[in-house]
Amino acid sequence: MARSPFREQLELRAGFLKEMGLDYGMDRPSLLVTPEQGALQRSPSLEAAEPSPEDGDPGAKLGAIREEIGDCRRCRLCEGRTKIVFGVGNPRARLMFVGEGPGADEDRTGEPFVGRAGQLLTDIITKGMGLTRQDVYIANIVKCRPPDNRTPLPDEAATCLPFLEAQIAAIRPEVIVALGATACQHLLGVQVQITKFRGTWSNFRGIPLMPTFHPSYLLRNPVGAKRLVWQDIQAVMARLGMSLPEKP
Ligand code: URA
């Protein structure tokens, strides 16, 4: 018998939660999300709202920002980069993820979060949230790879940030997820200890911002941290009206 899309998504999520250290098991589907709650299908709540005239065209705005960046030589990161990693996803996304900066895979492909950490973020989006990467928007604090994957320096972040801010203003997401301390620090203008700061709503220019661990940190600190990230993602889903199961 063919498996229903609901069953398939249920299995995906069960597998994902197991990877996240939360082994609910397939025998307890109520701990996931019921079909009535609707969030296991591509969530209609994540569909872009009807465009209103004053929104302009976020896709065109993003195109103009990309053009403005051009073959950027505004900071030293241009010297080592292969490709500028602008950002990817739905120009009308209700949810935006912001990371730190491109790594080797991103530098090669020009797309954010496609390496190992990216695969984990993609799992969170697809298996965990039941969405696709095209439903959300993904970008970074800096658009060029820092040498040896070091943390972007303050002047590099400051040079690049206006473009990210313009992207956020064009997309106008309802929620931003800041991945790691560097994203929080530059978006919010405060030094944070992510272990203490994560999981508490903050705000970027009126947009609710959820700080959580960076996926690279999860690769190094598997179970405990993954559990906390899943908690943060559940808070985001609730804020976006994506219904959630009862906790056991
Ligand atoms: N880490 C980031 O912060 N961003 C990427 O795009 C990839 C890895």
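Throughout this description, residue numbers start from 1 for each chain and increase along the sequence as written. Per-residue local features of the predicted model are confined to residues with pLDDT of at least 70, and side-chain atom pairs are confined, for both listing and counting, to 80 or more; whole-chain, interface and lining totals are unaffected and use all residues. As a rule here, side-chain values come from all non-hydrogen atoms in the structure, and water together with hydrogens is ignored.

Within strand 2 (residues 95-99), 5 of the 5 residues are buried, which leaves it mostly tucked inside the rest of the structure. Relative accessible area decides the class of each residue, using a 1.4 Å probe on protein chains only: under 20% of the type maximum gives buried, over 50% gives exposed, and in between gives partly exposed. To qualify as a helix, a DSSP run of H or I must reach at least 4 residues; to qualify as a strand, a run of E must reach at least 2; elements of each kind are numbered from the N terminus. Going residue by residue along strand 2, you find Leu95, Phe97 and Gly99 tucked away on one face and Met96 and Val98 tucked away on the opposite face as well. Paired strands, in this sense, are two strands between which DSSP finds at least two bridges. Taken together, the 4 bridges between strand 2 and strand 4 (residues 175-179) define a ladder with parallel strand orientation. Bridge pairing links Met96 to Ile176 in strand 4.

Most of strand 4 is tucked away, with 5 of its 5 residues classed as buried. Alternating residues of strand 4 divide into Val175, Val177 and Leu179 and Ile176 and Ala178, and every residue in both groups is buried. Across 4 bridges, strand 4 lies against strand 6 (residues 207-212) in parallel orientation. Looking at the pairing, Val177 lines up with Met210 of strand 6.

The next subject is helix 2 (residues 58-69). An expected span of 1.5 Å times one less than the residue number is assigned to each helix. For helix 2, built from 12 residues, the straight-helix expectation of 16 Å at 1.5 Å per residue is met to within 8% by its first-to-last C-alpha distance of 17 Å. For helix 2, the full list of buried residues reads Pro58, Leu62, Ile65 and Ile69. Burial along helix 2 is one-sided: seen end-on, the buried residues are contained in an arc of 60 degrees. Note on definitions: a residue-residue contact is assigned when non-hydrogen atoms from the two residues lie within 4.5 Å. Those residues of helix 2 hidden inside the fold are in contact with strand 3 (137-140) and helix 5 (154-171). Counting of polar contacts relies on pairs of N or O atoms within 3.5 Å, with two restrictions inside protein: one atom must be capable of donating a hydrogen and the other of accepting it, and residues adjacent in sequence are counted only when both atoms are side-chain atoms. With a side-chain oxygen positioned 2.9 Å from the backbone nitrogen of Gly59, the residue opening helix 2 is Asp57. Looking one or two places after helix 2, you find Gly70, whose phi comes out positive at around 55 degrees. The arc in question is formed by the directions pointing from the helix axis toward the C-beta atoms.

A separate point is unusual backbone geometry. In most cases, non-glycine residues show a negative phi, while peptide bonds are predominantly trans. The phi dihedral of Asn149 is positive, around 60 degrees, even though this residue is not glycine. Secondary-structure assignment places Asn149 in the loop between strand 3 and helix 5.

Right, let's talk about the sheet that holds strand 4 for a bit. Spatial strand order, 1-3-2-4-6-5: 6 strands in an open sheet with mixed pairing. The two strands at the open ends of the sheet, each matched to only one other strand, are strand 1 (88-89) and strand 5 (202-204). Both strand 2 and strand 3 contribute to a ladder of 4 bridges, which runs parallel. By the bridge assignment for strand 3, Met96 is matched with Tyr137.

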